[in-house]
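The chain contents come next:
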Amino acid sequence: MIDKTTLSIHEAVAGIHDGATVMIGGFGTAGQPAELIDALIESGAKGLTIVNNNAGNGDIGLAALLKAGRVEKMICSFPRQSDSYVFDELYRAGKVALELVPQGNLACRIQAAGAGLGAVFTPTGYGTLLTEGKETREIDGKQYVLEYPIYADFSLIKAYQGDRWGNLVYRKTARNFGPIMAAAAKTTIAQVKEIVALGDLNPEHIITPGIFVQHVVAV
């Protein structure tokens, strides 16, 4: 019998080790798995590389993980916002590294990992500092930059409902990076509002099939 449900958020993140690359879903706070992040902080894992669209808001969620000194490197699109002061201070002090990736490229590189692609050519960033030193190619008269997939050891995502097989549905824009991060990680941990019985999820509404999910925990 396949049962991917986990009884507690602490048990769900227990396998995340020092130095791991962890994708965290969310667009700002929308769809951010805040409870899983809190459990990750309590787990003590350190030296992490975090892949996220942002670099934390205020003092909660991802910002709290940064503030706790657990993050060695951020890979993101928008590290600076009006309330990203935790990351700002750490970066200026040289306590966290940053790989800045245009948002479309970030999504594309994560998707490439999930699809098993070796690399992708994208026009975004061509001729800028972000692509300095990278391979380029002219295709049909247009310049492209070679970008490599972003893989992760773990992904922490938030969904609306799930079942014991790990099938997930999302609520509106809280979906954002969740589905592609689930496909790009070796181990996907999903927090959901509710775990429902098998068959209760409309197959047409399932966005992330259970094959991409290893742990489901109700929060």
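The structure under discussion appears in the preceding block.
Remember, it's a predicted structure, so these values are computed and weren't measured experimentally.

Analysis parameters
Residues numbered from 1 in each chain as written. Predicted model: local features only at pLDDT ≥ 70, side-chain atom pairs only at ≥ 80, totals over all residues. Heavy atoms only, no water. Helix = DSSP H or I, 4+ residues; strand = E, 2+ residues; numbered from the N terminus. Expected span 1.5 Å × (residues − 1). Buried < 20%, exposed > 50% of the residue type's maximum accessible area, 1.4 Å probe, protein only. Core = buried A, V, L, I, M, F, W, Y, C linked by side-chain atoms within 4.5 Å. Phe/Tyr/Trp six-rings, centres within 6.5 Å; stacked < 30°, edge-to-face > 60°. Contact = heavy atoms within 4.5 Å. Disulfide = S-S within 2.5 Å.

Undergrad: Got a minute to help me understand helix H5 (residues 103–115) in this structure?
TA: Owing to its 3.6 residues per turn, the α-helix brings residues three or four apart onto one side. Under the 1.5 Å per step criterion, the end-to-end length of H5 is 18 Å for 13 residues, consistent within 8% with the ideal 18 Å. When H5 is considered as a whole, its buried residues turn out to be Asn 105, Leu 106, Ala 107, Arg 109, Ile 110, Ala 112 and Ala 113. Positive phi appears at Gly 116, one or two residues downstream of H5, with a value of about 75°.

Undergrad: It is not clear to me how the nonpolar core should be interpreted in this structure. Could you clarify?
TA: Where a protein is soluble and globular, its nonpolar side chains tend to be buried together. Residues Ile 16, Val 22, Ile 50, Leu 65, Leu 66, Met 74 and Leu 156 are the most contacted members of the largest nonpolar core, which totals 32 residues. Where this core is concerned, the elements lending two or more residues are helix H1 (9–12), strand S1 (21–24), helix H2 (34–43), strand S2 (48–51), helix H3 (62–67), strand S3 (71–76), helix H4 (85–92) and strand S8 (152–162). Among the nonpolar cores identified, the runner-up in size contains 24 residues, and Met 23, Ala 113, Val 192 and Val 216 belong to it.

Undergrad: Would you mind going over the packing of aromatic side chains with me for this structure?
TA: For any pair of aromatic rings, geometry is given as the distance between the ring centres together with the angle between the planes. Counted according to the given criterion, the structure contains 1 aromatic pair. On the numbers, 5.7 Å between centres and 15° between planes, the contact of Phe 87 with Tyr 91 is stacked. Separated by 4 residues within a single helix, Phe 87 and Tyr 91 lie in helix H4, roughly one turn from each other. In this structure Phe 87 comes out as buried when scored by relative accessible area, which is 2%. Using a relative accessible area of 42% as the deciding quantity, one classes Tyr 91 as partly exposed.

Undergrad: Sorry if this is basic, but what is going on with the side chain of Thr 49 here?
TA: Residue placement: Thr 49 occurs in strand S2. Judged by relative accessible area, which is 14%, Thr 49 ranks as buried. With residues up to four places along the chain from it excluded, the contact list for Thr 49 reads Ala 20, Thr 21, Val 22, Lys 73 and Ile 75.

Undergrad: Teacher, can you tell me more about the state of the cysteines here?
TA: In protein structure, a disulfide is the covalent linkage between the sulfur atoms of two cysteines. What the rule picks out here adds up to 0 disulfides. The thiol of Cys 76 is not disulfide-bonded; the next cysteine sulfur, from Cys 108, is found 17 Å away. We classify Cys 76 as buried; its relative accessible area is 0%.

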